[in-house]
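# Structure at a glance
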Amino acid sequence: MQTSTAQVRQDPSRYRVLTGDRPTGPLHLGHYFGTLQNRVELQQLGVELFLVIPDYQALTDRDTADRPAELAEEIVLDYLAAGVDPEHATIFTHSAVPALNQLLLPFLSLVSVAELHRNPTVKDEIAHSRQSSVSGLMLTYPVHQAADILFCKANLVPVGQDQLPHLETARTIARRFNDRYGAAVFPTPEALLSAAPMLLGTDGGKMSKSRGNAITLGADEDRTARLIRGAKTDTERRIGYDPEQRPEVSNLVLLAALCEGRSPQEVAEEVGDGGSAALKRRATEAVNEYFRPIRTRRAELAADRSHLRAVLRAGNERANAEADATLAEVREVMGMR
Ligand code: TRP
């Protein structure tokens, strides 16, 4: 059920990609090296790209649910700055695509409550949620996510490990729908996992906006320097790359290596006996150097909100055309015409 980038390269025209990011704040370097860079590569290969900004899904997170339009624009800004070309990619918010959301109803009929309760990613989110009770949306958003993927009949979904249970839900729903209504309406989408090792935050935990340990795409050079200067390291003078034994030091080595396009081993070797201070200087310089053009573009784009809105409007229009056609087909095979 997994496809590799090498397979895609052999025949890019076979694939339609859908993926997206919850609009819960600005995207960070973990997003960039984990998936954004890869999307731009897919786009350059000529793969058709759909990028959903799942604003309804973000309602599962109470902290960010109060300024959805603003957060969606920030995501568009990060996408465009990273190199997504709106001429070749359809960027849309799913709240603006009614027919996509309507697919949720037949899809919900195809999964059991027990299955919804078994999803390990949802279980984890419930365990870490600060909310006093579990909402119906929390339990069903993976089905909504199946609609995000299937409304445009995407067959390839670039995601991180944590999203694999959701992709399994989408695959199950696609198969069950086709079986129940005896029609090959939906493809069975496959995951495209990132080859890059995961970047940690500056405290050694998962890089996350809400933990204050993330270097965002749009951070300026001073802020980047400050965050890296404050990053957790260890006291061993000799720098090495050993993610198991020395996760924090190795993470800074990895960050510098990703930005420089070198191997982590090479970078560690070169910093050698320079200790944490030299490693931090190197990582700061590498990040600021690599992201300078992206940040310049981001600042230019940020100054023109009407352009951002026009990009979203055009994406929403294209997504609506797809969703309307798929919903019509779904209702037809269900006998609802
Ligand atoms: N759940 C994803 C996240 O938290 C966002 C998302 C919503 C998504 N719909 C999707 C990802 C469909 C891939 C495909 O980042």
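Our subject in this report is the structure included herewith. (Residues numbered from 1 in each chain as written. Predicted model: local features only at pLDDT ≥ 70, side-chain atom pairs only at ≥ 80, totals over all residues. Heavy atoms only, no water.)

Take the overall build of the protein chain next. When helices and strands are tallied, the protein chain shows 14 helices and six strands. Here the protein chain has a C-alpha radius of gyration of 21 Å; the compact-globule value for 337 residues is 20 Å, and the two agree. Here the C-alpha coordinates of the protein chain stretch approximately 70 × 45 × 45 Å along the principal axes. Across the protein chain, contacts joining residues at least 24 apart in sequence account for 76% of those joining residues at least 6 apart. Summed over all atoms, the accessible surface of the protein chain reaches about 15,600 Å², with 49% contributed by carbon and sulfur. (Helix = DSSP H or I, 4+ residues; strand = E, 2+ residues; numbered from the N terminus. Rg over C-alpha atoms; globule rule 2.2 N^0.38 Å. Contact = heavy atoms within 4.5 Å. Areas by Shrake-Rupley, 256 points an atom, 1.4 Å probe, with all protein chains shown as cover.)

Taking burial as the measure, the six residues of strand 3 (residues 48-53) include five buried ones, the bulk of the element. Sheet topology note: the strand 2 (residues 16-20)/strand 3 ladder contains five bridges and is parallel. Following the sheet pairing, Gly20 is matched in strand 3 by Val52. Regarding the hand of the β-α-β motif, the stretch spanning strand 2, helix 2 (residues 29-45) and strand 3 is right-handed. Of the pairings in the sheet, the one linking strand 3 to strand 4 (residues 89-93) comprises five bridges and is parallel in character. By the bridge assignment for strand 4, Phe50 is matched with Thr90. (Buried < 20%, exposed > 50% of the residue type's maximum accessible area, 1.4 Å probe, protein only. Pairing = 2+ DSSP bridges. Right-handed = clockwise from strand over helix to strand, strands pointing away.)

Attention now moves to the site of the ligand. The environment of the ligand is made up of 13 residues, and the closest members are Arg22, Gln57, Gln145, Asp148 and Gln163. At 3.3 Å from an oxygen atom of the ligand is found a side-chain nitrogen or oxygen belonging to Arg22. Contacts to the ligand include Gln163, whose side-chain N or O atom sits 3.0 Å from a nitrogen atom. Alone, the ligand offers 370 Å² of accessible surface; in the complex the protein occludes 89% of this. Mapped onto the shell around the ligand, the elements with two or more residues apiece are strand 2, helix 8 (136-150) and strand 5 (156-159). Grouping the amino acids of the shell around the ligand by side-chain chemistry returns six nonpolar, five polar and two charged. (Near = heavy atom within 4 Å. Polar contact = N/O pair within 3.5 Å; in protein donor to acceptor, adjacent residues only side chain to side chain. Nonpolar A, V, L, I, M, F, W, Y, C, P; charged D, E, K, R; others polar.)

With 56 residues, the main nonpolar core has Tyr79, Ile91, Leu255 and Phe291 as its most contacted residues. The residues that make up this core include at least three from each of domain 1 (5-196 + 304-333) and domain 2 (221-301). Beyond its immediate stretch of four places on either side in the chain, Leu255 contacts Leu29, Phe33, Leu199, Ile215, Ile228 and Val287. Val52, Val97, Leu100 and Ala147 belong to the second-largest nonpolar core, a separate cluster that totals 40 residues. (Core = buried A, V, L, I, M, F, W, Y, C linked by side-chain atoms within 4.5 Å. Domains from an automatic or database assignment.)

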